[in-house]
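# Chain and residue survey
Read off the chains here:
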Amino acid sequence: MSNTQTKLKILVGPVWTVGLASCLFKAYSICNENENLDLKIFSYHDGADVRITSSSSFQDILLQLGNWEPDLIFYQEVTSGPLLKGIEDIQIPIVGIITDGWIYVDKIKQIIPFFDVFVTCESYIADFLRSHGCKYIIEHPFHGYLPELHHKMEGVPKEFDISYIGVKFTENNSPIYAKRFRYLKKITDYFEGGKNICIKSDTFGEEYVYLLNASKIIFNYSPTDITHIITSRIYETMACGSLIFIEDTNTDAKKLFKDREHCVYYNDENLLELLEYYLSHDEEREKIAYQGHLIAPKFSLDNQIMEIIEEIKSINFSDLTNYNLQRKTTLPDNIKLIRSFSILYSTLSDLSSAKDQLYSNLSSNIDLSETENSLGFVYTSMALSQGMKPDYIKKAITYYKKAVLRNPDSVIYLFNLAHSTCLLLPFKSEILFYNCLKKLENLVNDESIFSGMLHTGYHSDIPVYLWIYDSSRFAFRWAIYRLWQFVMDKPSYLDLLRKTLIAQCWNKIGEILTLKEENVKAIDAFYTSLNHIPDDAVIMAKLAECLSYTRNFKEAENKYLQALKLEPYNEKIKEAYLKMLKRN
C-alpha cells in the first residue's frame, strides 16, 4: 500500500460482543505499540476511542475523530450486525473482516459492494467471494490467543484428565454441534468414575485459563464438515501448555499443526483409544503439549493482526478507485431492509432500534409487505421477552395481516400470522395452519410463495425467523444446518424449507388438537410432522405425551426413548418421561 505518511492510520470497528471487544481492544493496543501504526477503535462498548450506538453513522465517527483521518478502515464482524449508516459515502478503502462466514453466506453476497478487501480464514468463503468478483481476498486466520491472558500458570496441578470448555448443551443447541455432543457423551460414558472429566460452559477469563492449565487433555470439536475453521480454543490450549485433541477432518488445522508433534488428531474409531494412550503415557503427552506451546506465540491475536496488515500494505489501493464507486450514495431499498433485519438477527435486545428502522422504511414505502411482516416479528419478539404481553401480540397480528393482504401468495407471511395468532387464540389459528398446508402441499420449488426475504438475500435466515416463535426449536436449527449445505443450491433449499414448514404446521396443529383433547387426531398430526422431519426430539416427545393420554404407554415409552436418544441431555423430555413412568 502506497503511503507517504510516517504512520499508517487504521480505524477499527465496530465490535458487537462484549467478550470479543475485550480481546480485540487488548490485541489492537499491542499492535498500536508498533511505531509505524496509529490505530483507533470505535465500538458499542467502553474502552474504545469512539463509543457508538445503533443510530451512529460513519460520519458521526469521523466527526468525533477531528483532524485524525484514517488511511484505511478495518470493518470488524461484517456479518454480526447492520452495516453502519453512511458506509455508502465513504471514500476510504474498507477491509471487511469475516468470521463465521459459513453462517451468513447470503448476507455476505449482499454486502460485497461495500468493501474493497476481505479477510477470511475460511477457504469456502474465499472461493465464494472470488466467484462473486472480489479481487482482493486475504486468506488468513483471525482467531488467536492473548499472551497476557492465555499463558502457562506455574504450580497448577493437572487435576483434570480430560476437559471441554465451550457451548453449553441444552435442548436448544444447534444440531451443527450434535456430533460434539455425541463425542462428549461417548467420553463421559466410557471413563465414568475412572477419570476426572470436566465439561464447563459460560467460563471465561482467568477461570477459563486455569481450566486449560489444569487439564491434561483439552477436547476440541468444530463442525469441520462445514467450516474447516481453527477455533481460538486450539491456540489458547497450546499457549497454556496442555495437549489439544483436534478432529481429523480439520484440514485447515493440518496445514499448521503436525499430528503427534503439536497436537493429536482423532476420529470416531480411534478417539477413546488415543485418550487412553495419552492419559497413560505422561511423557509422550507432555512432549507434544510442549511442542505445541513452543509454536503457539506465532498465533497470538496481535501477531495475526500484524500479518494481515502487512499483506494489506502490499495492495496498491490506487487500483481500487473505480471499485470504490460501487458504494452507492443512495442506498438500495433491499440494503435498507437488510440493515433492518441485521438489527433484528444480531441482537434481540435492540428491538426498539429495529422497530424504529422498520417504521422509517414504512413511511418511505420501502417494500411494504416485508416491512409489515418484520414489524410483526418485532412485536412478537417483544411480547415473548415481556411475558406474552397481549398488546404486543395484537400489534404483531395486525401487521402480519397487512402483509398477508398485500401478498396473499406468501406462505411465510401466513405462517407467521398463524404463529402469532396461536400465541393469543390457539383455536382460531388452526384454520390458518391448514391454509398454510394447502399452499405448501402442492408446491415443489416455486420461490415466489416464500416471499418475502428471498429477494433480500436473507433466505438462509428464514428458519431463524420462524424458530423464534416455536417451542420445537430443534427442527428449525436442523433446517439451518441443512440450509448451509444447500446454500449454493436454491432448488434443494426451497424443497427443504417447504418440508420444514409443512412439519411445523402439523406440529402446531397437533398442539392445538391436544389442547382440544382430540388426542387421536393430535397423534396423527404429530406422526405426519415427523414424516417430514424425523429427527426432531421435541415433536417426538409431544407425540409420546399424546400417546400416554390415550393410555398407549408402551408406544409412548418407545417414543420418549427415541427422543432422548436424539437429545440425551434434554431435561424437559427426561422430566416428562419420568412423570409418565410414575403415573403408570
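Residues numbered from 1 in each chain as written. Predicted model: local features only at pLDDT ≥ 70, side-chain atom pairs only at ≥ 80, totals over all residues. Heavy atoms only, no water.

## Some remarks on the overall build of the protein
This is how it is decided: Each helix is a run of H or I in the DSSP string that is no shorter than four residues. Each strand is a run of E no shorter than two, and both are numbered from the N terminus. Only protein chains enter the accessibility calculation, which uses a 1.4 Å probe. A residue is then buried if its area is under 20% of the maximum for its type, exposed if over 50%, and partly exposed in between. Contacts are assigned to residue pairs that have any heavy atoms within 4.5 Å of one another. Here, Shrake-Rupley sampling with a 1.4 Å probe gives the accessible areas, and only protein chains in the shown set may cover a residue.
Regarding its fold elements, the protein presents 25 helices and twelve strands. Taken over 584 residues, the protein has a buried fraction of 57%. When contacts within the protein are restricted to residue pairs at least 6 apart in sequence, long-range pairs at least 24 apart make up 65% of them. Split by element, the accessible area of the protein, about 24500 Å² in all, is 50% carbon and sulfur.

## Topic: the pattern of salt bridges
Let me state the cut-off plainly: Within this document, salt bridges are pairs made up of a side-chain nitrogen of Lys or Arg and a carboxyl oxygen of Asp or Glu, the two lying within 4 Å of each other.
Enumeration over the complete set of coordinates arrives at 18 salt bridges. With a shortest N-O distance of 3.2 Å, Lys 200 and Glu 207 are connected by a salt bridge. Judged by its relative accessible area of 41%, Glu 207 is partly exposed. Salt-bridge contacts for Glu 575 lead to Lys 579; the nearest nitrogen and oxygen are separated by 3.5 Å. Taken as a pair, Glu 575 and Lys 579 lie in helix α25 (residues 571–583) at a separation of four residues, close to a single helical turn. Among the residues examined, Lys 579 registers a relative accessible area of 46% and is labelled partly exposed. Here the salt bridges do not stand alone but share partners, grouping Glu 430, Lys 516, Glu 518 and Lys 521 into one network.

## Describing the packing of helix α9 (residues 271–280) against helix α10 (residues 282–295)
Note the following rule: Convention adopted: a line fitted to C-alpha atoms gives each axis, helices being fitted over their contacting stretch, and angles between N-to-C directions are expressed from 0 to 180 degrees. When describing relative orientation, an angle under 35 degrees is termed roughly parallel and one over 145 degrees roughly antiparallel, while 65 to 115 degrees is termed roughly perpendicular and anything else oblique. For this classification, Asp, Glu, Lys and Arg are treated as charged, while Ala, Val, Leu, Ile, Met, Phe, Trp, Tyr, Cys and Pro are nonpolar and the rest, including Gly, are polar.
Put simply, α9 and α10 touch, their axes get as near as 5 Å, and they point 100° apart. It follows that α9 is roughly perpendicular to α10 by the angle criterion. Seen from α9, the contacting residues are Tyr 277, Tyr 278, Leu 279 and Ser 280; seen from α10, they are Asp 282, Glu 284, Arg 285 and Ile 288. Looking at the contact of α9 with α10 residue by residue, the classes come out as four nonpolar, one polar and three charged.

## Notes on the environment of Ile 573
Position of Ile 573 among the secondary structure elements: in helix α25. For Ile 573, a relative accessible area of 4% gives the class buried. Between the C-alpha atom of Ile 573 and that of Tyr 560, which follows or precedes it by 13 residues, the distance is 7.3 Å. Every residue in contact with Ile 573, bar those within four places of it in the chain, is listed here: Ala 537, Val 538, Ala 541, Tyr 560, Ala 563 and Leu 564.

## Focus: the sheet that holds strand β10 (residues 215–219)
Convention followed: Should DSSP find at least two bridges between two strands, the strands are taken to pair.
Read from one edge of the open sheet, five strands run β9-β8-β10-β11-β12, paired in parallel fashion. The open sheet has two edge strands with one neighbour each: β9 (197–200) and β12 (264–266). On average, adjacent strands in this sheet sit at an angle of 25° to one another, irrespective of strand direction. Bridge count for strand β8 (residues 160–165) against β9 is four bridges, and the pairing is parallel. Looking across to β9, one finds that Ile 162 is bridged to Ile 197. Against the sheet, helix α7 (residues 232–239) touches β8, β10 and β11 (243–247), its axis set at about 160° to β11. Lying on the sheet, α10 is in contact with β10, β11 and β12; it crosses β11 at an angle near 80°.

## Describing the environment of Tyr 549
Tracing the backbone shows Tyr 549 in helix α23 (residues 537–549). C-alpha separation for the pair Tyr 549 and Val 520, spaced 29 residues apart in sequence, amounts to 9.3 Å. Tyr 549 has contacts with Thr 514 and Asn 519, leaving out every residue within four places of it along the chain.

## Considering the sheet that holds strand β3 (residues 50–51)
What the seven strands build is an open sheet, ordered β3-β2-β1-β4-β5-β6-β7; its pairing is parallel. Taken across any chain shown, the strands that pair with only one partner, and hence form the sheet edges, are β3 and β7 (137–139). Both strand β1 (residues 8–13) and strand β4 (residues 72–75) contribute to a ladder of four bridges, which runs parallel. Within β4, the residue paired with Ile 10 across the bridge is Leu 72. Lying over the sheet, helix α4 (residues 123–131) contacts β5 (94–98), β6 (117–120) and β7, oriented at roughly 170° with respect to β7. The sheet strands contacting helix α11 (residues 301–313) are β1, β2 (37–43), β4, β5, β6 and β7, and the helix crosses β4 at an angle near 135°.

## A word on unusual backbone geometry
Following Gly 13, the chain continues into Pro 14 via a peptide bond in cis, with omega recorded as -10°. Within the fold, Pro 14 resides in the loop between β1 and α1 (18–31). Even without a glycine there, the phi angle at Arg 260 is positive, about 65°. Relative to the elements of secondary structure, Arg 260 occurs in the loop between α8 (251–256) and β12.

## Topic: the pairing of β11
For β11, the tally of buried residues reaches five of five residues, placing the bulk of the element in the interior. Residues Leu 243, Phe 245 and Glu 247 of β11 are buried on one face, and the alternating residues Ile 244 and Ile 246, pointing to the opposite face, are buried as well. Pairing geometry for β10 and β11, over three bridges, is parallel. The residue of β11 that forms the bridge with Ile 217 is Leu 243. Two strands pair when backbone bridges link them, and β11 and β12 are joined in this way by three bridges, in the parallel orientation. Bridged to Phe 245 within β12 is Val 264.

## Describing the packing of aromatic side chains
The description of an aromatic ring pair uses the distance of the two centres, along with the angle that the planes make with each other. As a reminder, the rule being used: Two aromatic rings, drawn from Phe, Tyr or Trp (for Trp, its six-membered ring), form a pair once their centres lie within 6.5 Å of each other, and the interplanar angle then sorts them: stacked below 30 degrees, edge-to-face above 60, tilted otherwise.
As enumerated under the stated definition, the model contains 20 aromatic pairs in all. Look at Tyr 190 and Phe 191: their rings are 4.8 Å apart centre to centre, the planes differ by 90°, and that puts the pair in the edge-to-face class. Seen in terms of ring centroids, Tyr 379 and Tyr 399 are 6.0 Å apart; in terms of plane orientation they differ by 0°. Their pairing is stacked. Of this pair, Tyr 379 sits in helix α15 (residues 368–385) while Tyr 399 sits in helix α16 (residues 390–406); the two residues are 20 residues apart in sequence, bridging distant segments of the chain. Among the residues examined, Tyr 379 registers a relative accessible area of 3% and is labelled buried. The class of Tyr 399 is buried, set by a relative accessible area of 12%. A network of ring pairs unites the aromatic residues Tyr 183, Phe 219, Tyr 221, Phe 245, Tyr 266, Tyr 277 and Tyr 278 as a single cluster.

## Quick word on the environment of Val 404
The topology assignment puts Val 404 in helix α16. Overall, the relative accessible area of 17% leaves Val 404 in the buried class. Along the primary structure Val 404 and Ser 369 are separated by 35 residues, whereas in three dimensions their C-alpha atoms are 7.6 Å apart. Residues in contact with Val 404, not counting those within four places in the same chain, are Tyr 413, Leu 414 and Leu 417.

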